[in-house]
Amino acid sequence: MKEELVHVLDLGESKVVCLSAKKAADGIRIVAISSVPCKGVKKGIISDVDETAGAISQAVKKVQQAVGEEIKALVVTISGPHLEGTNAQGFKPVIPRGRLITHQDVLEVVTHSRSIVFPPDREQIQALPREFKVDGVRDVRQPVGMPASKLEVVTYVASGQLSALQLVERAIALAGKTVDQMVIRPLASGIGVMTTQEMDGGAVVVDLGHGCTDIGVFMNGSIGYCASLPVGSGHVTTDLSHLLKCSPEEADRLKTSHGVAMAKLVPETKSVDVLQVGQSIARPLQQKVLCEIIEARMREIAVMVKQQVEKSGQMGLLPGGVILTGGGAQMEGVDKLFEEVLKHMRVRIAEPVVKLTEAPKAGLAAAVGAATFTIQCYEEITPANGGSSFKDRIRSLFSVFNG
């Protein structure tokens, strides 16, 4: 098991989060964390490499000062609509029949499952062995040491747009660091907020970020489907700014201080003051009107989430319901809106517990989850040739809760 510090970088559209964590008796312990504003990422893809590199450098420097050591490599979260995932199968005969399965057998069967031909503009990011099958017996999580004649595996293979991944590596290189591991954000967010029961029984994690909404559908202790929508809570701010003719800063203030995701929860008589562009005196506006604008966009996101859950084929088969996290989940009434759209599914809002006074109040699920994944998924399946690239490493998701 890993005892050293793990350093995570979460690239968001409004901020860059860097944290250092280490293994603890009850999971992981966050040692240091920093959050730096960043406008260099749009819809999960870096649009300004220099801006992003500068924010990364600042965030990492703050954490380095806190932990008292230089950070050389970072575990980085990857988001954006370019993400895709598929469940692939691998097969390997065990010869001679009946001998004990070895670590090399596991590597070979997983490697076989990864032999998917991607277009030249796409690249594998992660391969997560979800379930092994030994001589037809399913739900085997650790096959090494078992006698068998046939070994099979189901692996969740995630890929991303090559150019988007190269931009991430470029920005981190400009900040003087290297990539230790890439973790898809829907997976990281899920690990950051889910309970063991929810991951085993099945649940949907929805990370309502500023520019993207990341969705992870988990079942049987692992992720089985992911999606990243190019719309987030930042679009609410844009809508308010455009329709109310106010500055983005005023729109964000209105959203944060007076926003409710369902207009029917707001009394007809209540009003808020809106300072429009070019005006020196704020004008009163019915809060209900404000919230109708907000609800239109948040409902659109909820409907898109429902469509993705339906696409996963797991609608109605997720007793853990929907877990909302991220900055957008902090708005009043968001859980009720999602309950209305995703009928018959329980909805709860969750953020990981971070016992540091300087930590942001929300939007830490992905960073904490990526750290947990890196620390607790300690059983890496690495090539016999000792490949050193993060692309050569494979981790089993189920070891997060069953290591």
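Some remarks on the nonpolar core
Move 1: Counting 68 residues, the largest nonpolar core has L9, L19, I56 and L187 as its most contacted members.
Move 2: The dominant element in this core, judged by the number of residues it contributes, is helix α10 (residues 365-376), at eight residues.
Move 3: Once residues within four sequence positions are removed from consideration, I56 is found in contact with L9, L11, V16, L74, A171, I172 and A175.
Move 4: Counting residues in each nonpolar core, the second largest holds 41 residues, with A251, L290, V322 and L342 among its members.

Observations regarding the confidence of the model for the protein
Move 1: On average, residues of the protein score 90 in pLDDT, and 93% of them reach the 70 mark or higher.
Move 2: Every residue in residues 383-388 is under pLDDT 50, and counting partners more than four places away or in other chains gives six contacts.
Move 3: Confidence over residues 398-403 falls short of pLDDT 50; this stretch has 21 contacts with residues more than four positions distant or in other chains.

Observations concerning the sheet that holds strand β18 (residues 347-349)
Move 1: Here five strands make up an open sheet; going across it, the order is β14-β13-β12-β17-β18 and the pairing mixed. Because the sheet does not close on itself, it has two edges, and the strands there are β14 (222-229) and β18. Put simply, the sheet's adjacent strands are angled 20° from each other on average, direction ignored.
Move 2: Looking at chain direction, strand β12 (residues 203-208) and strand β17 (residues 322-325) are connected through four bridges and run parallel. Residue pairing across strands places D207 opposite T325, the latter belonging to β17.
Move 3: Sitting on the sheet, helix α9 (residues 334-341) touches β12, β17 and β18, and the angle it makes with β18 is about 160°.

Examining the sheet that holds strand β11 (residues 178-184)
Move 1: Here five strands make up an open sheet; going across it, the order is β3-β2-β1-β6-β11 and the pairing mixed. Unpaired on one side and paired on the other, β3 (27-37) and β11 mark the two borders of the sheet. Neighbour to neighbour, the strand axes of the sheet diverge by 25° on average, direction disregarded.
Move 2: Two strands pair when backbone bridges link them, and strand β2 (residues 15-24) and β3 are joined in this way by 10 bridges, in the antiparallel orientation. Across the sheet, residue K15 finds its bridge partner in β3, namely P37.
Move 3: Packed onto the sheet, helix α1 (residues 49-67) meets β1 (6-11), β2, β3 and β6 (73-78) and runs at close to 135° relative to β3.
Move 4: Sheet contacts for α10: β1, β2, β3, β6 and β11; angle to β2, the most-contacted strand, approximately 35°.

Description of empty space enclosed by the protein
Move 1: Evaluation of the coordinates by the stated rule reveals two cavities of 30 Å³ or more.
Move 2: The computed volume of the largest cavity comes to approximately 90 Å³.
Move 3: Forming the boundary of the largest cavity are L11, V41, G44, I45, I46, T77, I78, S79, H82, A164, V168 and R185.
Move 4: Residue composition of the lining of the largest cavity, by class: seven nonpolar, four polar and one charged.

Describing unusual backbone geometry
Move 1: With omega at -5°, the peptide bond leading from I95 into P96 counts as cis.
Move 2: Along the chain, P96 turns up in the loop between β7 (84-93) and α2 (103-113).
Move 3: Located in the positive-phi region is D135, a residue other than glycine, with phi close to 50°.
Move 4: Within the secondary structure, D135 is located in the loop between β8 (122-134) and β9 (137-140).

Considerations on the pattern of salt bridges
Move 1: Going through the model one piece at a time under the given rule, you end up with 20 salt bridges.
Move 2: For the salt bridge of R141 with D200, the shortest nitrogen-to-oxygen distance reads 3.6 Å. Of the two residues, R141 sits in the loop between β9 and β10 (150-161) while D200 sits in helix α5 (residues 196-201), which places them 59 residues apart along the sequence.
Move 3: When the shortest N-O distance is used, the salt bridge between E198 and R346 registers 3.8 Å. One end of the pair, E198, is in helix α5; the other, R346, is in the loop between α9 and β18, with 148 residues separating them in the sequence.
Move 4: Among the residues examined, E198 registers a relative accessible area of 7% and is labelled buried.

The rules we used
- Residues numbered from 1 in each chain as written.
- Predicted model: local features only at pLDDT ≥ 70, side-chain atom pairs only at ≥ 80, totals over all residues.
- Heavy atoms only, no water.
- Core = buried A, V, L, I, M, F, W, Y, C linked by side-chain atoms within 4.5 Å.
- Buried < 20%, exposed > 50% of the residue type's maximum accessible area, 1.4 Å probe, protein only.
- Helix = DSSP H or I, 4+ residues; strand = E, 2+ residues; numbered from the N terminus.
- Contact = heavy atoms within 4.5 Å.
- pLDDT = per-residue confidence, 0-100.
- Pairing = 2+ DSSP bridges.
- Axes fitted to C-alpha atoms, helices over the stretch in contact; angles between N-to-C directions.
- 1 Å grid on protein atoms, 1.4 Å probe; cavity = no way out; pocket = protein on both sides within 12 Å on 5 of 7 lines; lining within 4 Å.
- Points joined across faces, edges and corners; volume = space filled by probe spheres on them.
- Nonpolar A, V, L, I, M, F, W, Y, C, P; charged D, E, K, R; others polar.
- Salt bridge = Lys/Arg side-chain N within 4 Å of Asp/Glu carboxyl O.

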